[in-house]
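Results of the structural survey
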Amino acid sequence: MEYNFRTIEQKWQQYWGETNAYKVSNNSPRPKYYVLDMFPYPSGAGLHVGHPLGYIASDIFARFKRLKGYNVLHPMGYDAFGLPAEQYAIEHGVHPAESTKKNIENFRKQLDKIGFSFDWSREVNTSDPQYYKWTQWIFLQLFKSWYNRENDKAESIDTLVAIFEKDGNQSVNYYDAALFSADEWNTFSEKEQQDILMQYRLCYCGYGEVNWCEALGTVLANDEVVNGVSERGGYPVVKRKLRQWYLRITEYADRLLRGLDNVDFSDAMKDMQSNWIGKSYGAEIDFAIRSDKFATIEDEQRRKLKVYTTRPDTIYGVDFMVVAPEHELIDLLTTDEQREAVDEYLAYVKSRSERERMAEKKITGVFTGGYAINPFNNRHIPVWISEYVLAGYGTGAIMAVPCGDERDFKFAKHFDIPITNIIGEHFNGEEANPTKDAMLTNSDFLDGMLMRDAMKVVMDDLEGYGKGKRKVNYKMRDAAFSRQRYWGEPFPIIWKDGIAYPLDESELPLELPYVEKYGPGPEGEGPLANVKEWSLIPSPSPQVEKGALGAANVPKYSVYTPAQYELAKQMRKEHTEAEEILWQALRNNQLGVKFRRQHPIDAFIVDFVALQNKLVVEVDGGYHETEEQKLYDENRTKVLNEIGFTVIRFTNEEILHNLDASLNIIKEAINLEVAPNPLSTRGEGQGVRETNTMPGYAGSSWYFLRYMDPHDDAIFCSREASDYWNQVDLYIGGTEHAVGHLLYSRMWTKFLYDLDYIGFDEPYRRLLNQGMIQGSSRFVYRFEPLEISVNTSSPIFISHGLYEQWKEGNLSTPTILDLLNEIIPNYCNKENYSKAKILISKLHVDVNIVDGVELDIEAFKKWRNGEYANAEFILEDGKYICGIEVEKMSKSKFNTVNPDDLVNKYGADTFRMYEMFLGPVEQSKPWDTKGIEGVHRFLKKLWRLFFDELKGKVWNEEKATSQELKVLHKAIQKIEADTERFSFNTAVSAFMVCVNELSDLKCQKREILEPLLILLTPYAPHIAEELWKQLSNQSSVLDASYPKLEEKYLIESTKEYPVSINGKMRTSVVLPADVEQEQAVEAVMNNEVVQKWTVGKQVKKFIFVKNKMVNVVV
RNA sequence: GCCCGGAUGGCGGAAUUGGUAGACGCGCCAGACUCAAAAUCUGGUUCUCGCAAGGGAGUGCAGGUUCGAUUCCUGUUCCGGGCACCA
């Protein structure tokens, strides 16, 4: 009987399925253990061998714990919302729900073949309304909560309202809101009250910058933006402020930091998270600024440049200031001479993504022309703008101390800014020195003080004189929680008159409407904004009928017809007096904003427009008094509003007689900076649904809880279930989730804990990071056709070794041409040899048709539908050898290996063990199918301990010898310990060693083999179950109990000690196990080899480490 | 740029707390079985000098600490992951 893995694996997978072998109960007398894999996104490309790595590891551990007597929860599900499905829908017209469903089916099929012990009755899918009902529900709880810093926890917003009603906001003035009293609160309108509350909510609405691509009409992810243009199509991308939802994760910053002390994550992971949170202690310092634009002293007093610094001790070393390009004071600081340079620089920055800005090595910046005043010595300090200062961090402005900060130093050098040395000899003029231990110089009253000590002195001084204050700062920002996309959870929010009203919980789930088109909505809103019958509540929508206006069907303001353009040009010449006066006041950026006049927008040509601010200004003549014209104006305004423009209308009279007042109105509109919430102007008093959707991490922030109680209709997870399963005991996934998913889910857990829905505030007790499996790409080398060669349809490929020789110049052109002529007669005439210019291109070839490095030429000819059917090859040693490079595993590089193929060829058990055998699970490594044979051989060798091809069953009931027991218990010891510490690769080796040794001993005894099968069950469950049943066991091996290590079988009476002379291994001596130093000295010194090395030399030292080694120093 | 990893034979890797560098597997070489091949089995395999015995070198690179360093420290190079709208 031979090892027929296909039959065996199919048989037991079916058996385990039918017997519900993996179904887990929430009631068990056994201790619980929760093993979780990071939520997979079911991509259309299916599984490649990199995906199951973590799942196999977790499966081994889950099965191991089960054998150890635990009730183990090991679930699987799908993070099914996401961009790729939506992108696929846009490109192929397949609804994301459909493609996702298909992908999941495919995923499941692939997973099933590998023999995982998932309890599929607990499967979850984030895009299932029964699941996202609870994602929406948790969002509502976040929306209805605020963070009470006094109690250091989230509370219902009602407690905040109670505080406002009683005392106003004096005690809870967190987010730079204006102060108000209880009386004032009570007289506020509902809108005013709700606007204030919105600022406090844990999920709140604000404005944030996004990558906006006008041509695609959509917001792009950072990695969809390459060099300032969209990845798809290469269209320009700019920053644009859009209304966004935010998660107030910053309130949890400190708890997220402290919580790291109570979890078992790697130090690297903890470092990454705490660096991300970025807690720092420092000071905020106010610098007065000089500007001739200040009308009064009060103005000057009011508008200070606030910086955040962790080094207030260096205050006398400040040689310049740098503000972020988005800083609000730039306009004020910029002098007329510098205006042009500043504008140019800001335009440049606007085209760059945040990532590019941070990654840029090149130093860029521009001087504003303005100065700030050092509050300590009244020194005038030039203010610069540079992209390396980010608006979101600190105050968006820094005081630069070039002698102490490397980046400041480089900036000063680059722009020739003189450097003040405040650390004396510690600064060498060549590079900055960030020391805190130098004695201060050039620092007035701080001179001679240690920098460390000066920090406190400066901060006390700042606070004493009201020039600044101590401040704890976090690098972490609130997390953007909305996406302008279709394929995500809809927000259970209805806007009415600019107020966000939550849906009643009984109305959940708010289902995603089915759509046919996935294009972006107006004004950077999500595609849902196009679904009027869904978003407007109730219908009908007061839509403007375009035909009635004679409007062309022109959707975007940036797109207009040549005819319109000509008309606009004409109209510019025919301006009225009022228009001309206003134009003179608006032109040349006098308000800090660029206006255009007579510019086409949609179907209209408007009088004036500030495109960036989405502001239209119209100046109406007397004829606007007619009824007909009034109606037209009204409709025109409506359409402009619809596409996000604010419209201000003046009469000729107003401009001519009160220009200042008119300008003030325009200024006010500009200061809004962003267009008002489009949802507050649409729908005319009726409700409008929120049309953004939630981000990918919404559903994945709490999924581990749903697995505990996946079918509960009453709550996201019953307290009973979460009390029983509690934290995830082992969480396995990649480091790429270090600061995204892991921080969000930790925050949600803390939030749900604050509201007392669960009893623990850290989701994952222990985290294991799996490495990435990289692809090992193979290359072939193709000649580009020579101009002088005969025309041939045969592409010619050259083997890697020869290609390398050619590349290094060791293979001359004539030699190559000779080779070519050999393959294709008369390929190139000898006379033309000197004119030939050889070009060889390197092409990816499918790794699955390459055996190691040798190309399967026949398979290659059939590859890609016979694209290379008539290819010719220049071989080396009769073979075509491919080049190798390690790259990311991806379809486009033809280096993906499908687990299905390997499972078909070798079986799931072999595949599982091989994935583990490849190396430490935490480490990244390239995939190489080659070695899988060795593991397969091991399983066959194990099989032969039970069955002989000819003799049939060969195991026996004989008593085991002590030598055999030693082999077994050595294996138990090693495999148990290795599994416990996730060193699966060495455990697989230990199995091999054990089976090798048993084979050598010809041991086929049940007493030894049976425990070995249990050891093997987590790794290769199918073969273990088969052999287990063959040994006539009735129950499943899955529920056997793990063999117990008996130390007594391992005791040795002697030990072979390595002997080193001067630390270099020379020989070894066998000594009794309980040997003491004196005996050891004697035995070692009498050793022949030792004597050879020590003869004529004095022994200086004799080092004896019991059970380790001996070292003789001469 | 910043944060976090990694680097050991031809290849994947082992060496758990500073104590015999290269376990186990692949590949390669030789042999057995076979008409032959596959499969299987046996032996060898870091490099280098040497017939051998035996010696020398060796864990990315340059230093340091130590009786002893793949392991600890300093510096450095290269590769991988993350950097807030991929999930």
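The following refers to the structure shown. Everything numeric here is computed off the predicted structure, so don't read it as measured data.

Here the focus is the overall build of chain A. When its secondary structure is counted, chain A shows 40 helices and 41 strands. Projecting the C-alpha coordinates of chain A onto the three principal axes gives extents of approximately 115 × 80 × 80 Å. For chain A, the proportion of its 1114 residues judged to be buried stands at 53%. Pairs at least 24 residues apart make up 72% of the contacts formed inside chain A by residues separated by at least 6 positions. As presented, chain A carries roughly 51500 Å² of accessible surface, and 48% of it is formed by carbon and sulfur atoms.

Among the 65 residues in the neighbourhood of RNA strand B, the closest are listed as Ala221, Asp223, Lys361, Leu918 and Asn1111. Atoms of RNA strand B within 4 Å of the protein: sugar and phosphate make up 65%, bases the balance. The contact in question runs from a phosphate oxygen of RNA strand B to an N or O atom on the backbone of Leu83, over 2.9 Å. In the model, a base oxygen of RNA strand B is placed 3.1 Å from a nitrogen or oxygen of the Lys974 side chain.

Met913, Leu942, Phe946, Leu1012 and Tyr1019 are the most contacted members of the largest nonpolar core, which has 94 residues in total. Non-local contacts of Tyr1019, meaning those with residues more than four positions away in its chain, are made with Ile60, Asp909, Arg912, Met913, Ile975, Thr979, Phe984, Ala987, Val988 and Phe991. In terms of nonpolar packing, the next biggest core, distinct from the first, is built from 69 residues, Leu202, Ala500, Met708 and Ile758 among them.

So, about the pattern of salt bridges. The tally for this structure, following the rule as stated, stands at 57 salt bridges. Put simply, Glu957 and Arg1006 hold a salt bridge, and the shortest N to O gap is 2.9 Å. Residue Glu957 is located in the loop between strand S37 (952–953) and helix H35 (962–980), and its partner Arg1006 is located in helix H37 (residues 1006–1016); the two are separated by 49 residues in the primary sequence. With a relative accessible area of 58%, Glu957 lands in the exposed category. Classification of Arg1006 by relative accessible area gives buried; the value is 17%. Among the salt bridges present, the one from Lys1005 reaches Glu964, with a minimum N-O distance of 2.7 Å.

Further remarks concern the sheet that holds strand S9 (residues 238–247). In a beta sheet, neighbouring strands pair by backbone hydrogen bonds and run either parallel or antiparallel. Spatially, four strands are ordered S6-S5-S9-S17 in an open sheet, and the strand pairing comes out antiparallel. Only two strands of the sheet have a single neighbouring strand rather than two, namely strand S6 (218–220) and strand S17 (479–480). Bridge analysis of strand S5 (residues 203–213) against S9 gives 10 bridges, and the strand direction is antiparallel. When the sheet's bridge partners are listed, Cys203 is paired in S9 with Leu247.

In total, this model carries 86 aromatic pairs according to the counting rule given. What links up through ring pairs into an aromatic cluster is the set Tyr33, Phe61, Phe64, Tyr70, Phe982, Phe984, Phe991, Tyr1019 and Tyr1042. In this structure, Lys842 is placed above the aromatic ring of Phe779, and the distance from its NZ or CZ to the ring centre is 4.6 Å. If you follow Arg864 out to its NZ or CZ, it ends over the ring of Trp863, 5.3 Å from the centre.

Rules behind the numbers
- Residues numbered from 1 in each chain as written.
- Chains lettered and ligands numbered in written order.
- Predicted model: local features only at pLDDT ≥ 70, side-chain atom pairs only at ≥ 80, totals over all residues.
- Heavy atoms only, no water.
- Helix = DSSP H or I, 4+ residues; strand = E, 2+ residues; numbered from the N terminus.
- Buried < 20%, exposed > 50% of the residue type's maximum accessible area, 1.4 Å probe, protein only.
- Contact = heavy atoms within 4.5 Å.
- Areas by Shrake-Rupley, 256 points an atom, 1.4 Å probe, with all protein chains shown as cover.
- Near = heavy atom within 4 Å.
- Polar contact = N/O pair within 3.5 Å; in protein donor to acceptor, adjacent residues only side chain to side chain.
- Core = buried A, V, L, I, M, F, W, Y, C linked by side-chain atoms within 4.5 Å.
- Salt bridge = Lys/Arg side-chain N within 4 Å of Asp/Glu carboxyl O.
- Pairing = 2+ DSSP bridges.
- Phe/Tyr/Trp six-rings, centres within 6.5 Å; stacked < 30°, edge-to-face > 60°.
- Lys NZ or Arg CZ within 6 Å of the ring centre and 35° of its normal.

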